[in-house]
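What follows is each chain in one-letter form.
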Amino acid sequence: MRFPSALEDPNISVRLLSAEETIHSLQKREFIGEELDSCHFWLQEGKEVFRDAVCGILPYDSYDKIWATLNQIRHMFCRIVPREELQALVVEIRAGLSYVTARKCRDEYDKDLNEIEKSLGLSAHHSPTLQNERELRRALERLSRIAADARESHWRKVNLFRKRLFLTSLSLMVLLLMSLVLLPFVLPAGAPSWIEIFLIICFGTMGGLVSALNSRETLESQTSAYYIQRTLLFLRPFIGATAGLIVCLMQATGLISLLPAMATGADSRVFHPAYLVLAFVAGFSERFFITQLEKVSGGARERKDER
């Protein structure tokens, strides 16, 4: 079976195909046992999760489910795969142990894993010993479960955060559309029409897009930090649209004064081409937007203190 490619992490498809190939290899050797049945079960569970993919993109929760099934298969592999194939599992487990937060525990687990690797004869510098292989496999499975728990816990928190950001962006988009429709009805006469408000939102969005293009993810950072930064860059256009609209409204209502009178014109109309530039700048610079908000909130606080 060919799995659809997960755009966020194509490695998932490769891992599932590799697990399926190993299971078929065990079947050809006429291996029979509860562990192999369990591997079949978890492999089918992983395949089912791929049905949630939309245009090759999986929801964040689905990534957690697939990695959980892959980890369950790995636990079973620790018991049944031939000794010469355990090296690949050791490499995966060692990578998973890096997610253990307590450094002392992480060092102890790494030490235990090195001892298991040595005892199983997996190290290039050591020959196999006569220790009980079944006990060593149980110890390897124990470390596999510890590594899986640490990795799943870490990525569960990361994906919950990314999911919150995604839902926030959807809410922001809905509110922007509602503002586009409702603002012309509540603004005073001479205020911008829905087309002019739409242009302000568009220029704020363009500012956010340019800001996102001008930034980039840190490739040297931890994988989870990279994905979080990537998600934040994805939200820049939505933030830019909101910032552009809010700053232009603050300028039009007189809460702030960023444009000269000759730029806004002598009349009291809210819309003027200069506002498009202002919306773009507000969308491009998050610091600029926050500074203007602080000016307004700071001014309101000062007036309250005077009273």
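Look a little higher up for the structure.
Residues numbered from 1 in each chain as written. Predicted model: local features only at pLDDT ≥ 70, side-chain atom pairs only at ≥ 80, totals over all residues. Heavy atoms only, no water.

Enquirer: Looking at this model, I keep getting lost on the overall build of the chain. Mind explaining?
Expert: Within the chain, the regular secondary structure consists of 11 helices and zero strands. For the chain, the succession of helices and strands along the chain, N to C, is α-α-α-α-α-α-α-α-α-α-α. Relative to its 307 residues, the chain shows a buried fraction of 39%. Accessible surface, the chain as shown: approximately 18,100 Å² in total, 59% of it carbon and sulfur. (Helix = DSSP H or I, 4+ residues; strand = E, 2+ residues; numbered from the N terminus. Buried < 20%, exposed > 50% of the residue type's maximum accessible area, 1.4 Å probe, protein only. Areas by Shrake-Rupley, 256 points an atom, 1.4 Å probe, with all protein chains shown as cover.)

Enquirer: Whenever I open this one, the packing of aromatic side chains confuses me. Can you help?
Expert: The geometry of an aromatic ring pair is captured by the separation of the ring centres together with the interplanar angle, meaning the angle of the planes. Summed over the entire model, instances satisfying the criterion amount to five aromatic pairs. Between Phe 41 and Trp 42 the ring centres are 5.1 Å apart and the planes differ by 75 degrees, which places this aromatic pair in the edge-to-face class. Judged by its relative accessible area of 46%, Phe 41 falls in the partly exposed class. An aromatic cluster of three or more residues is present, and its members are Trp 155, Tyr 226 and Tyr 227. A cation over an aromatic ring shows up here: Arg 151 above the ring of Trp 67, its NZ or CZ 4.1 Å from the ring centre. (Phe/Tyr/Trp six-rings, centres within 6.5 Å; stacked < 30°, edge-to-face > 60°. Lys NZ or Arg CZ within 6 Å of the ring centre and 35° of its normal.)

Enquirer: I'm lost on empty space enclosed by the protein in this one. Help?
Expert: Sizing a probe to match a water molecule and rolling it over the atoms shows the empty space that remains. Tallied over the entire structure, the rule returns two cavities of 30 Å³ or more. Approximately 50 Å³ is the volume attributed to the largest cavity. Listed by contribution, the elements that provide at least two residues to the lining of the largest cavity are α8 (223-252), α10 (273-284) and α11 (286-306). When grouped by side-chain class, the residues that make up the lining of the largest cavity number five nonpolar, four polar and two charged. (1 Å grid on protein atoms, 1.4 Å probe; cavity = no way out; pocket = protein on both sides within 12 Å on 5 of 7 lines; lining within 4 Å. Points joined across faces, edges and corners; volume = space filled by probe spheres on them. Nonpolar A, V, L, I, M, F, W, Y, C, P; charged D, E, K, R; others polar.)

Enquirer: Could you clarify how one ought to interpret the packing of helix α4 (residues 86-97) against helix α6 (residues 133-186) in this entry?
Expert: Any two packed helices are characterised by the angle at which their axes cross and by the distance between the axes. Viewed as axis vectors pointing N to C, α4 and α6 meet at an angle of 40 degrees, and their least axial separation amounts to 8 Å. Relative to α6, the element α4 is oriented oblique. Crossing of α4 against α6: the hand is left-handed. On α6, the residues touching Leu 86, Val 90, Ile 93, Gly 96 and Leu 97 of α4 are Arg 137, Leu 140, Leu 143, Ser 144, Ile 146, Ala 147 and Ala 150. Residue composition of the contact of α4 with α6, grouped by class: nine nonpolar, two polar and one charged. (Axes fitted to C-alpha atoms, helices over the stretch in contact; angles between N-to-C directions. Parallel < 35°, antiparallel > 145°, perpendicular 65-115°, else oblique. Left-handed = near helix turned anticlockwise from the far one by under 90°. Contact = heavy atoms within 4.5 Å.)

Enquirer: Teacher, can you tell me more about the nonpolar core here?
Expert: The nonpolar side chains of soluble globular proteins are, as a tendency, buried together. Within the largest apolar cluster, 41 residues are counted, with the highest numbers of intra-cluster contacts made by Ile 66, Phe 77, Ile 93, Leu 97 and Leu 140. Of all elements in the fold, only α1 (11-28), α2 (34-49), α3 (60-80), α4, α5 (103-119) and α6 reach the threshold of two or more residues within this core. Sort the elements by how many residues they give to this core and α3 lands first, with nine residues. Here Leu 97 is in contact with Arg 106, Tyr 109, Asp 110, Leu 113, Leu 143, Ile 146 and Ala 147, once residues within four sequence places are set aside. Formed by 21 residues, the second largest nonpolar core is a distinct cluster that contains Ile 200, Val 247, Met 250 and Phe 289. (Core = buried A, V, L, I, M, F, W, Y, C linked by side-chain atoms within 4.5 Å.)

Enquirer: Would you take a moment to explain α2 for this structure?
Expert: In an α-helix, one full turn covers 3.6 residues, which means residues spaced three or four apart are oriented alike. The end-to-end C-alpha separation of α2 is 23 Å, in line with the 22 Å expected for 16 residues at 1.5 Å each. Among the residues of α2, Leu 36, Ser 38, Cys 39, Leu 43, Gly 46, Lys 47 and Val 49 are the ones counted as buried. In the core, the buried residues of α2 are packed alongside α1 and α3. (Expected span 1.5 Å × (residues − 1).)

Enquirer: How do you make sense of a negative patch on the surface when you look at a structure like this?
Expert: A cluster of acidic residues, Asp 107, Glu 108, Asp 112 and Glu 115, forms a negative patch on the protein surface. Among the secondary structure elements, Asp 112 is positioned in helix α5. Classification of Asp 112 by relative accessible area gives partly exposed; the value is 33%. (Patch = residues over 30% accessible without salt bridge, like charges linked within 9 Å, V, L, I, M, F, W, Y side chains within 5 Å. Salt bridge = Lys/Arg side-chain N within 4 Å of Asp/Glu carboxyl O. Lys, Arg positive; Asp, Glu negative; His and termini not counted. Charge placed at Lys NZ, Arg CZ, Asp CG, Glu CD.)

Enquirer: Which parts of the structure should I look at to understand the environment of Glu 45?
Expert: Considering the arrangement of structural elements, one finds Glu 45 in helix α2. Along the sequence, Glu 45 and Thr 69 sit 24 residues apart, while their C-alpha atoms lie 6.9 Å from each other.

Enquirer: Looking at this structure, how should I read the packing of α5 against α6?
Expert: Orientation of α5 relative to α6, taken along the N-to-C sense of each, is 145 degrees, at an axis distance of 10 Å. Between α5 and α6 lies a crossing whose hand is left-handed. On the side of α5, the interface is formed by Tyr 109, Asp 112, Leu 113, Ile 116 and Ser 119, while α6 contributes Leu 136, Ala 139, Leu 140, Arg 142, Leu 143 and Ile 146. Its residues placed into classes, the contact of α5 with α6 shows eight nonpolar, one polar and two charged.

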